[in-house]
Amino acid sequence: MLESRGNKPRKPTKPSGRKGRLSEYGGERRIVTALCYDLVGSTRLLHLLDIEDYQDLIVAFQNAAKQSIIAHSGVIQHEAGDGGVALFNVEIGAKDAASLAIRAGLGIVEGCARVGREAGRDDLHVRVGIATSVALIQETQDEKGEPVAAAALAIATRLEEIAAPDTVFVSGDTRDLAGRSHAFVFEGVKTLKGFTVPEKVWRALGHKIEVDRFYAFGSLGGRFIGRESELRTIAACWERVAATGGEILLLEGDAGIGKSRLLREVRKMTRDRRSGLFFFQCLPGGHRSTLHPLLNSIVGAASGQDDQLGLSAHAVATRFERNGIRDAETIETFAYLLGALGRNQQLADNAPKAIRERAFRAVFRALAALCANGPIVLAVEDIHWIDPTSQDLLAEAARVARQLPILLVATARPGFAADWLDAANATRLTLAPLDRYETRQAIEASWPEQRRAMLPGLYDVMERISGGVPLFIEQICQWISEDVATDTTNLSDNVKPSHVSAFEEILDARLNHLGTAKDVARAGAVAGTRFTLSLLRALLPGLSKTSLAKAAETLSDSGFLVRIRARGHTTYGFRHALIQETIYNALLRRQRQALHRRLFLAVSQNRQLAAWIDTGRLAEHAESAGHIESAIELYTAAGKESSSRSAMVEARNYLEHALAICDQLGEGHAIEPLQLSALTSLGPILTGLVGLNSPPARKLYEDGVAIARRQPMADQSRWFPIYWGWWLTGTDFRIMHDRALQVRAMLAGAEDPEIKLQVNHCIWAIYFNLGHHRETQDAIKAGLALYDEQSAKTNRTLFGGHDAKVCGLGQLALSLWLTGQSKASDAALSKMVAFVDRISHAPSKAHSLDTEAVSAFYRDDYARLAEISGRMADFAKLHEMQSLSGLSLLFAGWARAHGESLTSGHAMFLDGLSLLRSLGTVADLPIYLSMHATLLGHAEKYESAVEVTNDAIEKSRETGHAYWLAELYRRRAVLNARGNAITDSIVADLTSAVEIAESQGAKALLKRARHSIQELGVAVQR
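From a predicted model like this one, the values you see are computed outputs, not experimental measurements.

Draft legend 1. Expanded view of the overall build of the chain. Secondary structure summary: the chain contains 44 helices and 16 strands in total. Split into buried and exposed, the 1022 residues of the chain put 57% on the buried side. Carbon and sulfur atoms form 49% of the exposed surface of the chain, whose accessible area is close to 42,900 Å².

Here it is in structure tokens:
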């Protein structure tokens, strides 16, 4: 049997209950799977280690190997020192035997690594080979059949010999049997020692936790109909991947149009030349759940691990390392973004910018590792349900894919805005319905042979109902062939013109014939993308577990559900998202609410019942159940969780929705604390994303203070972040001053050092803008004496979104320069920059860049201002900070106007000012108007320049923005002098400039005023 493998086993579609055929040798012919394993370099270890240590190591390894084999229903045939052979026989079915053998092999690899870690050795590695063949089972006295001849034993041995360390190589037959349960990489066609026929060799990657959408169709071997043009385009893209680098492909089409089936053809087309296939599925309702496509690909394998709820960092590392991704930073970053248990909590101290940069590096490194052995296919299905963080990382993957041998394929429904993929020059393929000829071909392919006689009379009605949509064709064919008589008059007359409506009617009609299974299908549709029998029991308490299991299997056999292999329990999911959506939408509101209520209560009491349901999804169930108060609390918690992982867009979505549904609570509910809790978390996120003084942020804090003031005095300090944000978003400095004093008076008795610090934070910011520099500097010194860096990690998010120390040092630097203390100002500025770079907090860095720019503006340092403006622009683009973009244009234009070009610089300046005004985030308008007037003066447009300066002085006096007022009066005097205005007005303005500068102690501005008096040759009476 070692010389030829002419007798290739026939692979049964399902395990047979009959015994195999008796052979002439008195046994039976059965299909068995063999596993062979062997340590790598055990002889070298024997020479390196003490004999007792070596023996202990081998015993520990063999125990781990045997444990994995026995746990997966294997029988150890032979154990020889550092290796062994095991069999997985027919009693468990050919497909299950192949699947379990692979799981055992992967478990041996993991066990070897664990033994190595415990022994402190990084040179302990194992190879595993697995093969399947027909075997002769010899009858024995104990009635346990034992194989006496099987090619699988020899093939497994040869595969083990050629396997790379810590990998599992399997034969083509094994791969075919386990293809629905495991993922593989094609390793090529190998000639094995002792065999004349070459063997296709595959490397097992891991167990599929979800049955992917390549398997959406029931007839996997059915003929693929139509799409010739699309297939040619895909083939051309694949050829270019090998020749020139990555390609990005977007498949667009309605639900059921065949996107998943076309992806399966991509899989077949690329099989022999790709080194890996990586598939991710976006799910309905997942747009709020951070990285849910990646999370769902991992969490099934990890759930139930060590009885812990949720995903662990160890599970993330295991899955990544199994796929060849071993870079520590990459694994750590994804574990953090996924919110895995045991993740590096120190990453939470980093700013969104730092996290984003790490994430982008991680994407590239992960893709590069996956491509290490050759081209790969990366498929992401249904991106119309993608969450913002996944979209961000997918866009980065598309951007860098051109540098790597990757075919990146995404699918979406029409109307989804995928402009972010256009930037990567994606090839778009829009799938249309099958034409009439193709539709008839599809009908014939799906029609059962035994009822073919009735087919001609049904063509027209099935064409009309299906509309050329492949999924509808399949479902309609199955329904009509099973349940409709030859006379189709009633069907033809009653079907609705809408395809989806017809689909609903078909599904409902089919479910009506399935008895209890209909209730199970409805409960499953409410549960969502996956559910277990235990969860169904909670939703349908009147049914026994046996009844539920039988109903679930009936739905699986009928094509509604697929079984998802998950650790420790059987899990089900709908074969297509459209089936779930259709069944769910057909439920009455009261039916939905009752099922959602049962699910919410059950999962709230025992999160292990459905560990894959995260906080945000549980909030949705609570809302659908009518438990609005619980929903608000959960949405708020989900927002905080997202914010803690730097997923700010998702956080905003959760928190704004929490506030939106507060109105649904009737009188008598404790609604206001719920609102305040959500507002407290949302405020800093909104100011960071939209702008500090933007109308949405201002309204949020005004609403929040109105609610907070109605709370008991004892709770006022609890809502201090609301008051602080209310102060910060005041429309002018007089209002901000009044608010700051109110906050200080209200919380005068507070003992919390952080509250005292933040009250000083209010005071120094206000007094600086009012021109009270001594009070400003005193408040900064008093406040920073209370600063605690550990507390600041949380509080910088709550109080204005930026760090108090960064603000204090920056404000001190500006105040010191204005009061003539240039060296001390430079020192404070240097401290601010060094500190903000160390804490890596994005909003604080934006605050710091603004301060750096203003400082360079004070000093007329145009070269430095141009450099700072460039950094501002880059940072604003990276973090999508519109107000910072406006500032970068404004300051860059000012610098350019004093260097390269007055005209283009002034135009750029005005673009920036216009953007700031449109955002409602003009914090220093009098200064910006002063800059505008100066540039108009340089252009000799003195009349216009004076008008702008008049406006600036008026606004400065109206708002209390006084620290630059002396300079505004001086500027108007100079402009009037150049425009030949009367001397009296010039003298009056210069007199005001001197008086204001002296009253504020602003020596730098006083020096400028006196210089202008001397330059203009006027006499100022004092």
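Draft legend 2. Highlighting the pairing of strand β11 (residues 376-381). Within β11, six of the six residues are buried, which leaves it mostly tucked inside the rest of the structure. Burial of β11 is two-sided: the residues I376, L378 and V380 facing one way and the residues V377, A379 and E381 facing the other way are all buried. Of the strand pairs in this sheet, β11 and strand β12 (residues 406-412) are connected by five bridges, and their pairing is parallel. Note on β12: the bridge partner recorded for V377 is L407. Crossover connection from β11 via helix α12 (residues 388-401) to parallel β12: handedness right-handed.

Draft legend 3. Local environment of helix α39 (residues 902-919). Compared with an ideal rise of 1.5 Å per residue, which puts 18 residues at 26 Å, α39 spans 26 Å between its outermost C-alpha atoms and is within 8% of the ideal. Of the residues making up α39, those classed as buried are G905, H906, M908, F909, G912, L913, L916 and L919. The buried residues of α39 all sit within an arc of 160° when viewed along its axis, so they share a single face. In α39, the exposed positions angled more than 90 degrees off the buried face are occupied by T903 and S918. Tucked inside the fold, the buried residues of α39 contact α28 (695-708), α38 (882-897) and α40 (925-938).

Draft legend 4. Spotlight on the pattern of salt bridges. The final tally for this structure, using the stated rule, is 41 salt bridges. Taking the shortest distance from any N to any O, the salt bridge between E239 and R273 comes out at 2.8 Å. Note that E239 is positioned in helix α6 (residues 228-244) and R273 in the loop between α7 (259-270) and β10 (276-281), a separation of 34 residues in sequence. For E239, a relative accessible area of 43% corresponds to the partly exposed category. One connected set of salt bridges, linked through shared partners, spans D327, E329, R361 and R365.

Draft legend 5. Structural context of the pairing of strand β9 (residues 247-252). Most of β9 sits inside the fold, with six of its six residues counted as buried. Side chains E247, L249 and L251 of β9 all project onto a buried face; the interleaved residues I248, L250 and E252 project onto the opposite face, where all are buried too. Note: β9 against β12, six bridges, orientation parallel. Each bridged residue has a counterpart across the sheet, and for E252 the counterpart in β12 is A412. In this sheet, strand β13 (residues 427-430) lies alongside β9 in parallel orientation, the contact comprising four bridges. Its bridge partner lying in β13, L251 is registered against L429.

Draft legend 6. Representation of the packing of helix α31 (residues 753-770) against helix α34 (residues 804-818) within the structure. For the pair α31 and α34, the least separation of the axes is 11 Å and the interaxial angle reads 30°. Regarding the angle of α31 to α34, the classification is roughly parallel. When you trace α31 past α34, the crossing you get is left-handed. In contact with L757, Q758, H761, W764, A765 and F768 of α31, α34 contributes A804, C807, G808, Q811, L814, S815 and L818.

Draft legend 7. Seen up close, the environment of R710. When you line up the elements, R710 lands in the loop between α28 and α29 (720-728). Residue R710 is classed as exposed on the basis of its relative accessible area, which comes to 52%. The spatial distance from the C-alpha of R710 to the C-alpha of E672 is 8.9 Å, given a sequence separation of 38 residues.

Draft legend 8. Geometry of the sheet that holds β13. In space, the five strands of this open sheet follow the order β10-β11-β12-β9-β13, with parallel pairing throughout. Only two strands of the sheet have a single partner each, and these edge strands are β10 and β13. Strand after strand, the sheet turns through a mean of 15° between neighbouring axes, direction not considered. Across the sheet, α12 touches β9, β11 and β12, and the angle it forms with β12 is around 145°.

Draft legend 9. Inspection of unusual backbone geometry at higher detail. For R227, which is not glycine, the phi dihedral falls at a positive 65°. Take R227: it is sitting in the loop between β8 (199-207) and α6. R227 gets classed as buried once you look at its relative accessible area, which sits at 9%. Unlike most non-glycine residues, D382 shows phi in positive territory, near 60°.

Draft legend 10. Expanded view of α38. Taking 1.5 Å of rise per residue, 16 residues should cover 22 Å, and α38 covers 23 Å from first to last C-alpha, within 8% of that figure. Turning to α38, its buried residues are L884, G886, L887, S888, L890, F891, A892, G893, W894, A895 and A897.

Draft legend 11. Representation of the packing of α34 against helix α35 (residues 822-839) within the structure. Packing of α34 against α35 brings their axes to within 8 Å, and their N-to-C directions diverge by 160°. When the axis of α34 is compared with that of α35, the two are roughly antiparallel. Where α34 crosses over α35, the two elements pack in a sense that is left-handed. Contact residues: K805, V806, L809, G810, L812, A813, L816 and W817 in α34; S822, A824, S825, A828, L829, K831, M832, F835, V836 and I839 in α35. Residue classes in the contact of α34 with α35 are distributed as 13 nonpolar, three polar and two charged.

Draft legend 12. Highlighting the packing of aromatic side chains. Tallied over the full model, the rule gives 14 aromatic pairs. Measuring from centroid to centroid gives 6.4 Å for F531 and Y572, while their planes differ by 25°, and the two rings are stacked. With a gap of 41 residues between them, F531 in strand β14 (residues 531-532) and Y572 in strand β16 (residues 569-574) connect regions that are remote in the sequence. Residue classification places F531 among the buried residues on the basis of a relative accessible area of 1%. Owing to a relative accessible area of 2%, Y572 belongs among the buried residues under this scheme. Considering the side-chain rings of Y635 and Y654, the 6.3 Å spacing of their centres and the 35° angle between planes classify their relative orientation as tilted. Of this pair, Y635 sits in helix α25 (residues 628-644) while Y654 sits in helix α26 (residues 648-660), and the two are 19 residues apart along the sequence.

Draft legend 13. Structural context of the nonpolar core. With 107 residues, the main nonpolar core has L535, I583 and W727 as its most contacted residues. For this core, the element with the highest residue contribution is α31, accounting for ten residues. Among all residues touching L535, those that are not within four sequence positions of it are A527, L599, V603, L609, A610 and W612. Grouped together as the second largest cluster of nonpolar side chains are 65 residues, L916, V946, Y969 and A1004 included.

Draft legend 14. A negative patch on the surface, seen in detail. On the surface, D50, E52, D53 and D56 cluster together into a patch of negative charge. When you line up the elements, D50 lands in the loop between α1 (42-48) and α2 (51-71).

Draft legend 15. Structural detail: the environment of R361. Here R361 lies in helix α11 (residues 352-370). Taking the C-alpha atoms as reference points, R361 and E329, 32 residues apart in sequence, are found 9.0 Å from one another.

Draft legend 16. Here's a closer look at the confidence of the model for the chain. On average, the chain scores 82 in pLDDT, and the residues at 70 or more come to 86%. Low pLDDT, under 50, characterises residues 140-145; the predicted model gives this stretch three contacts beyond four residues in sequence or across chains.

Draft legend 17. Structural context of the environment of D422. Tracing the backbone shows D422 in helix α13 (residues 419-422). Exposure remark for D422: the relative accessible area of 37% places this residue in the partly exposed category. Along the sequence, D422 and I248 sit 174 residues apart, while their C-alpha atoms lie 9.4 Å from each other.

About the criteria used
- Residues numbered from 1 in each chain as written.
- Predicted model: local features only at pLDDT ≥ 70, side-chain atom pairs only at ≥ 80, totals over all residues.
- Heavy atoms only, no water.
- Helix = DSSP H or I, 4+ residues; strand = E, 2+ residues; numbered from the N terminus.
- Buried < 20%, exposed > 50% of the residue type's maximum accessible area, 1.4 Å probe, protein only.
- Areas by Shrake-Rupley, 256 points an atom, 1.4 Å probe, with all protein chains shown as cover.
- Pairing = 2+ DSSP bridges.
- Right-handed = clockwise from strand over helix to strand, strands pointing away.
- Expected span 1.5 Å × (residues − 1).
- Arc of directions from axis to C-beta.
- Contact = heavy atoms within 4.5 Å.
- Salt bridge = Lys/Arg side-chain N within 4 Å of Asp/Glu carboxyl O.
- Axes fitted to C-alpha atoms, helices over the stretch in contact; angles between N-to-C directions.
- Parallel < 35°, antiparallel > 145°, perpendicular 65-115°, else oblique.
- Left-handed = near helix turned anticlockwise from the far one by under 90°.
- Nonpolar A, V, L, I, M, F, W, Y, C, P; charged D, E, K, R; others polar.
- Phe/Tyr/Trp six-rings, centres within 6.5 Å; stacked < 30°, edge-to-face > 60°.
- Core = buried A, V, L, I, M, F, W, Y, C linked by side-chain atoms within 4.5 Å.
- Patch = residues over 30% accessible without salt bridge, like charges linked within 9 Å, V, L, I, M, F, W, Y side chains within 5 Å.
- Lys, Arg positive; Asp, Glu negative; His and termini not counted.
- Charge placed at Lys NZ, Arg CZ, Asp CG, Glu CD.
- pLDDT = per-residue confidence, 0-100.

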